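# A look at the structure
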Amino acid sequence: MRTLLFSAGALVSLTLAAQPARDPSIAIQTPVIALLHARVVDGLGHPPRENQSIIIRDGRIAAAGPDAEVIVPADATVRDLAGKTVLPGLVLVHEHLYYSVFAPHAPFHLNEMEYSFPRLYLACGITSMRTGGSIEPYADLQIKRRIDAGQVPGPKLHLTAPYLEGKPAAVAQIDAVDSPEDAARMVNYWADEGFTSFKVYMHLPVAELKAVIAAAHQRHLQVTGHLGAVSYRTAAESGIDNLEHGFFAMSDLNPGWKDNDQPNSIASQKAFAEMNPDSPAVAGLIQLLVDKHVAVTSTLAILETFGPECRIMSTAELETLSAPARENYLSSWAAVHARKRGSEAAAWAKLLELELRFFRAGGLLVAGTDPTGYGGVVAGYGSWRTIELLVSAGLTPVEAIRVATSNGARLLGIDRETGSIVVGKAADLVVVAGNPAAEIADLRKTELVFKDGVAFDSRKLFDSVKASVGIE
Ligand SMILES: [Zn+2]
């Protein structure tokens, strides 16, 4: 039961009490756990293996293999997982701890979802995640500390600093960088505060982008970008580590457009719809990204919400929304859905096609939820949607799971620790009552999420956030 605290005195005494009760969403918290008779999808792209056992000891994977070969310790807490699948905890990399509140009469505004989003992300199986740009940096830091201390449930967080944006800044809550020197100053300031990656945004010019990359790389930290005023080619040649939104934010193909021009989404969509993926310009760009080891983040769930064919949220998703957020979402969805169909369908097909080609060419494709826009994507449910859409793009379910697990871990440099089911790694595991290797939508049957060997009940986490999103 949660208590609303209105007085600062009450808040202080709660903080001093400090010894948190065990969270009611914790299902298993014992040192030795045996998961028996499961189907295992290892996150590395190997075919699923049947009749497998996994032993967890002190938060790590102590043994894994065929049932007949794994010895079950006498003191183990045993779970029979016949008919169920175990996969690694998801590692998604374009996440946010905020949600858009998009009232038609008011400016675009972003609210920190300190309570609901960490729970929603964990409930859907995300055990590690990188935020993709911060709106309330000190809240993000505090949420990470509380999760790490075991005070609240949530994934292991890797934090990206506040957006490094040019002019005009897209949202009032985002500052605009004044010069390359200012860009470097901001990188160093937020790195000192504890942020480990940086995101350049749509209007940042080339010189500032280069200054961000130089300052971040000097500290061995990464830079990703939702580009607009810089081409993908220039960013790759300048040493950027990662590009957000697949190929959606690419200005490279717009006729007459050059670096430092303003992004033009209408021109981009038209150019996209008409592009030939076999052309030297497109094929050469994909090869450049592969050669330069630039990762590409697929965020198909959020991009889907902007087209007139956008699906509507499931009942379960709608139930997570607070009443005003639901009203905002449903009216925005209706307006988008009623829009005249233009070149969206052709552009959408090309987006899927380029992500598939990048993946097949050996590029590091990673995935993210990006719960932004008009509020059509919610943490957790939207995370599943983004993985389902990778399968729509042509990846096999096993490949899509790899993108959402070990590929994300590789990008974050934590692949020795998590992202695959290998003896010695952290026991970050998801138990699904179905077979997502055959039917990716079975991810929605997630039952248990292990983080460092502690199992959370997915259903209880979802139940704990009903009617929360948009407010808390
Ligand atoms: Zn984002």
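Please read all numbers here as calculations on a predicted model, not as lab measurements.

The terminal C-alpha atoms of helix 14 (residues 397-412) lie 22 Å apart, and with 16 residues this matches the ideal 22 Å at 1.5 Å per residue to within 8%. The largest bend in helix 14 is about 40°, located at V403. Among the 16 residues that make up helix 14, 14 are buried, leaving the element largely enclosed by the rest of the structure.

Our next topic: the sheet that holds strand 7 (residues 90-95). Pairing in this open sheet of 3 strands is parallel, and the strands run 7-10-11 from one edge to the other. The strands lining the two open edges of the sheet, one partner per strand, are strand 7 and strand 11 (156-158). Neighbour-to-neighbour, the strand axes of the sheet open up by a mean angle of 20°, direction not taken into account. Bridge count for strand 10 (residues 126-131) against strand 11 is 3 bridges, and the pairing is parallel. Along strand 11, the bridge assignment pairs S128 with K156.

Now for the domain arrangement of the protein chain. By the assigned domains, the protein chain splits into domain 1 (26-88 + 421-457) and domain 2 (90-412). In this structure, domain 1 and domain 2 have C-alpha centres spaced 30 Å apart. Across the contact, 21 residues belong to domain 1 and 20 residues belong to domain 2. Secondary-structure elements contributing two or more residues to the side of domain 1 that touches domain 2 are strand 6 (85-88) and strand 18 (446-451). In terms of residue count, the dominant contributor to the side of domain 1 that touches domain 2 is strand 18 (3 residues). When its residues are assigned to classes, the side of domain 1 that touches domain 2 shows 15 nonpolar, 3 polar and 3 charged.

On to the nonpolar core, then. Of all hydrophobic cores here, the largest spans 138 residues; its most connected members are V86, L164, V187, V212 and L390. Of the residues forming this core, the biggest block, 8 residues, is contributed by helix 14. Among the domains, domain 1 (26-88 + 421-457) and domain 2 (90-412) are the pair contributing at least three residues each to this core.

Once that is clear, we can look at unusual backbone geometry. Of note, the bond from K167 into P168 is cis; its omega dihedral lies within 30 degrees of zero at 0°. Within the fold, P168 resides in the loop between strand 11 and helix 4 (180-193). A positive phi angle, close to 50°, is found at D370, a residue other than glycine. Following the sequence through the fold, D370 ends up in the loop between strand 16 (365-367) and helix 13 (381-392). By C-beta crowding, D370 is classed as buried, having 28 other C-beta atoms within 10 Å.

What follows deals with the packing of helix 4 against helix 5 (residues 206-218). With their axes 8 Å apart at the nearest point, helix 4 and helix 5 run at an angle of 35° to one another. Note that helix 4 runs across helix 5; the crossing there is right-handed. Where helix 4 approaches helix 5, its residues P180, A183, A184, V187 and N188 are matched on the opposing element by A207, E208, A211, V212, A215 and A216. Class assignment for the residues of the contact of helix 4 with helix 5 results in 9 nonpolar, 1 polar and 1 charged.

Calculation criteria
- Residues numbered from 1 in each chain as written.
- Predicted model: local features only at pLDDT ≥ 70, side-chain atom pairs only at ≥ 80, totals over all residues.
- Helix = DSSP H or I, 4+ residues; strand = E, 2+ residues; numbered from the N terminus.
- Expected span 1.5 Å × (residues − 1).
- Bend = angle between axes of the 7 residues up to and from the residue.
- Buried ≥ 20, exposed ≤ 12 C-beta atoms within 10 Å, placed from the backbone.
- Pairing = 2+ DSSP bridges.
- Axes fitted to C-alpha atoms, helices over the stretch in contact; angles between N-to-C directions.
- Domains from an automatic or database assignment.
- Contact = placed C-beta atoms within 7 Å.
- Nonpolar A, V, L, I, M, F, W, Y, C, P; charged D, E, K, R; others polar.
- Core = buried A, V, L, I, M, F, W, Y, C linked by C-beta atoms within 7 Å.
- Left-handed = near helix turned anticlockwise from the far one by under 90°.

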